[in-house]
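Below are the chains, spelled out letter by letter.
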Amino acid sequence: MIYPDFNLLKNVLLFSQALRKRRIGVTINNVLDALRGVSFIDISQKDDFYNLLKSNFVSHREETEAFDELFNYFWSYEKKTEPFFKKMVEENVDSFKKNEEVLGFKYEKSQSLMKDWTDEELENNRLKEQKNVPGYSPEEILRHKDFGHLQMAELEKVRELVSSISQKMAKALSRRWKRGKRGGQLDFRKTIRQSIKYGGEMIELRMKEQKLKPLRLILVCDVSGSMDIYGQFFLLFMHGLQNHYPHCETFVFSTRLSQVTFLLKSRTFDETLPFLSEKVLDWSGGTNIGAALHQLRRRHSEPLHANRTLLLIFSDGWDRGDAVLLDREMRNLKKQLKRLIWLNPLLGSRYYQPLCKGMSTILPYLDYFLPCHNFLNLRNLCNLISKM
Amino acid sequence: MLSSINEVQQAMEKEKYICDRPLATGLYLALRLEKPLLFEGEAGVGKTEVAKVMAKVLNRRLIRLQCYEGLDATAALYEWNYPKQLLRIKMTESGRQPLESIENIFSEEFLIRRPLLEAIRSESYDQHIVLLIDEIDRSDEEFEAFLLEVLSDFQITIPEIGTISAKERPLVIITSNRTREIHDALRRRCLYHWIDYPSFEKEYLIVTTKIPDIHEILAHQICSFMQTVRGKDFYKKPGIAETLDWANALIQLHKDHLDRAAVEETLGCILKHFEDIKKMKEFDLDSCLSALGEVG
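Residues take numbers from 1 onward in each chain, read along the sequence in its written order. Lettering of chains starts at A and numbering of ligands starts at 1, both following the order in which they are written. This being a predicted model, a pLDDT of at least 70 is required before a residue's local features are given, and a value of 80 or more before pairs of side-chain atoms are given or counted; all residues contribute to the totals for chains, interfaces and linings.

Engineer: What am I meant to see in the interface of chain B and chain A here?
Structural biologist: How big an interface is tends to be reported as the loss of accessible area on association of its parts. Residues are treated as contacting if the C-beta atoms built from their backbones sit within 7 Å of each other. Contact residues are listed per partner, giving 29 residues for chain B and 31 residues for chain A. Here a helix means four or more residues in a row that DSSP labels H or I, a strand means two or more in a row labelled E, and each is numbered from the N terminus. Elements supplying a minimum of two residues to the side of chain B that touches chain A: α2 (21–33), α5 (82–93), α8 (184–188) and β9 (191–195) of chain B. Counting residues per element, the side of chain B that touches chain A draws most heavily on α2(B), which supplies 7 residues. For the side of chain B that touches chain A, the class distribution of residues is 12 nonpolar, 5 polar and 12 charged. Each residue gets one of three labels, nonpolar for Ala, Val, Leu, Ile, Met, Phe, Trp, Tyr, Cys and Pro, charged for Asp, Glu, Lys and Arg, and polar for the others, Gly among them.

Encoded structure:
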């Protein structure tokens, strides 16, 4: 096998590091395989080289965009490594800034770094990037969400509580479903094994029984403007659940539905927030519950078909979409799912009545309509689910 | 053995599979690096077909494992042939067999190979394998974890026999329709390729390659119609498989061009949901037809 020359090796390593910074989880094996692959292709063909790195480093369709962008930046012929290092530092500055916003305290270091590195060119680029946020429809308010006002200490408290609740719930569920016994089947393998010592006479019968599976959870969170105050609270819950309970898919919506399972998984909550507000472009936009549920049913139909799926929707039901569509979607979901639970933070208020059009359309189809504005509610909810 | 990306591409095209360069690169690398290849994409874009065609191109045997929820080791890996074992015991009892043979009822003779074991074991028959693990998203997490073990070093341990490992690694092609997220651990062990809906040019090429005697105008119309349909909001968008079905159906009905009547009669070939067909007939048919520029 021909070993690639040192420069290329170093570059591929740097590139993989840059990818990791962009949260594309490249493993060392991926890098080794890519380097092995280099000897099989003609690397003077940029497209082939691109395909080689892409097939090794990208493992989600969603990663393609970030990969392409970085690839074009990194492997451009104009300036070799210089701009890359600059970019790395720039990214560091960005992430410092983001941490600052999330955690609510300042890094002295980031300040000095920023002074050093934020020259005019970078500033201009950043402005350009901000302008380039793609638009989808005029109704949607496209802006990056500022998570600044959750204080560090609060976050910590919330996180502890949620992770303990979700752990408890995950355990309660799995224990419950494993204990169940549904008849049994003859286990031929073990029985025959057993029979050998009796000369082939089957005296001891060995049985096997089917293992039951825990419920599957689908969490859908409304992140439209009217839900701003509660959204983060439920996101914490979703994050905790997603990371402690394996049979769980998470979505957020305002006018459009986005699957965030992949974004929430295996990241700390601090890491998740900036990433979420970056990816979910219609954060704090209008509300179209019907369309969001429609999308859920179309694009992610498989888990919905299982009649042991539990759908949790967290929304205030202030719907600006089509009521007929909403009615139809709710009816269909009701048919497919085991349980439909609606969590409404407004239900906590004594004077609240589900009179708005959206909520009154939804109400007949629900199994449970619950308040969800503090941790007591959340705990009650967990108890309820673990008993199902 | 295919020795360059071009060769892969040409060989695939010879077998009537239109294969773009990224796909060919993926396949070539999968062969060279001996890594599994994970294909994702919508239904009917030709993910499974890649494996079938590759088996033909490489002149290898295709072993297919169709995934479903609850798929377990006895269905995917191996199972003991219990009736045979019992018979052997009975025969020994009646003295027609030497007593020692009862010791051996857990030998390979009594093993029923399921697809995964077959793919690893078949080197003893001097046969190379293309292993197709189809629709992995339909299986459950347990199976995925199990598969991870098998795919990482291509060996299987059977307690009664020992560890069996592949002499020559098979070409493994895994497909997923993305109805469920595949775990990262499995993804990271595979080369990844997303197969998108074909562009107009590619689709036209596919139709004319697969159905050589199709009328040029009809092929053109079918492809541009399909491109328009995919731009609309349907429950299930038609894939390339539907295009080919439809083209064949139209030929059987002796149509040489598309018009409203022809499309309405054969709508069932491209849309497979009642709601979609209804929506198409009521709202979208006109715009799709006018996009052809030749409304019947």
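We are not done yet, so read on.
Engineer: Got a minute to help me understand unusual backbone geometry in this structure?
Structural biologist: For residues that are not glycine, phi is negative in most cases, and the peptide bond is trans in most cases. All names here are of chain B. Within the chain, N59 stands out as a residue other than glycine whose phi angle is a positive 55°. Within the element layout of this structure, N59 appears in the loop between α3 (47–58) and β2 (61–66). You will see that E135, though not glycine, has its phi angle at about 55°, which is positive. Relative to the helices and strands, E135 resides in the loop between β5 (129–134) and α7 (141–153).

Engineer: Any chance you could explain the pairing of strand β7 (residues 339–344) of chain A here in plain terms?
Structural biologist: Taken residue by residue, a regular strand's side chains alternate between the two faces of the sheet. Residue and element names in this part refer to chain A. Counting buried positions along β7 gives 5 out of 6 residues, so the element sits mostly inside the fold. At least two bridges found by DSSP between two strands is the condition for calling them paired. Of the strand pairs in this sheet, strand β6 (residues 309–314) and β7 are connected by 5 bridges, and their pairing is parallel. The residue of β7 that forms the bridge with F314 is L343. In this region the chain leaves β6, passes through helix α15 (residues 323–336) and returns to the parallel neighbour β7; the handedness of that crossover is right-handed. Residues with at least 20 other C-beta atoms within 10 Å of their own are called buried, those with 12 or fewer are called exposed, and the rest are partly exposed. The C-beta atoms themselves are positioned from the backbone. With the strands pointing away from the viewer, any crossover whose connection runs clockwise from the first strand over the helix to the second is right-handed.

Engineer: Would you mind showing me how to read the sheet that holds strand β3 (residues 216–222) of chain A here?
Structural biologist: Across a sheet, paired strands are connected by hydrogen bonds in the backbone, their directions being either parallel or antiparallel. Residue and element names in this part refer to chain A. Spatial strand order, β5-β4-β3-β6-β7-β8: 6 strands in an open sheet with mixed pairing. Edge positions in the open sheet fall to β5 (257–259) and β8 (368–371), since each of these has one partner strand only. Averaged over all pairs of adjacent strands, the angle between their axes in this sheet comes to 20°, without regard to strand direction. Where β3 and β6 come together, 6 bridges link them in parallel fashion. Among the inter-strand pairings, L217 is bridged to a residue of β6, identified as L310. Only the stretch in contact is used when fitting a helix axis, every axis being a line fitted to C-alpha atoms; angles between N-to-C directions are given from 0 to 180 degrees. Here helix α13 (residues 289–299) sits on the sheet and contacts β3, β4 (248–253) and β5; the angle it forms with β5, its principal contact strand, is near 40°.

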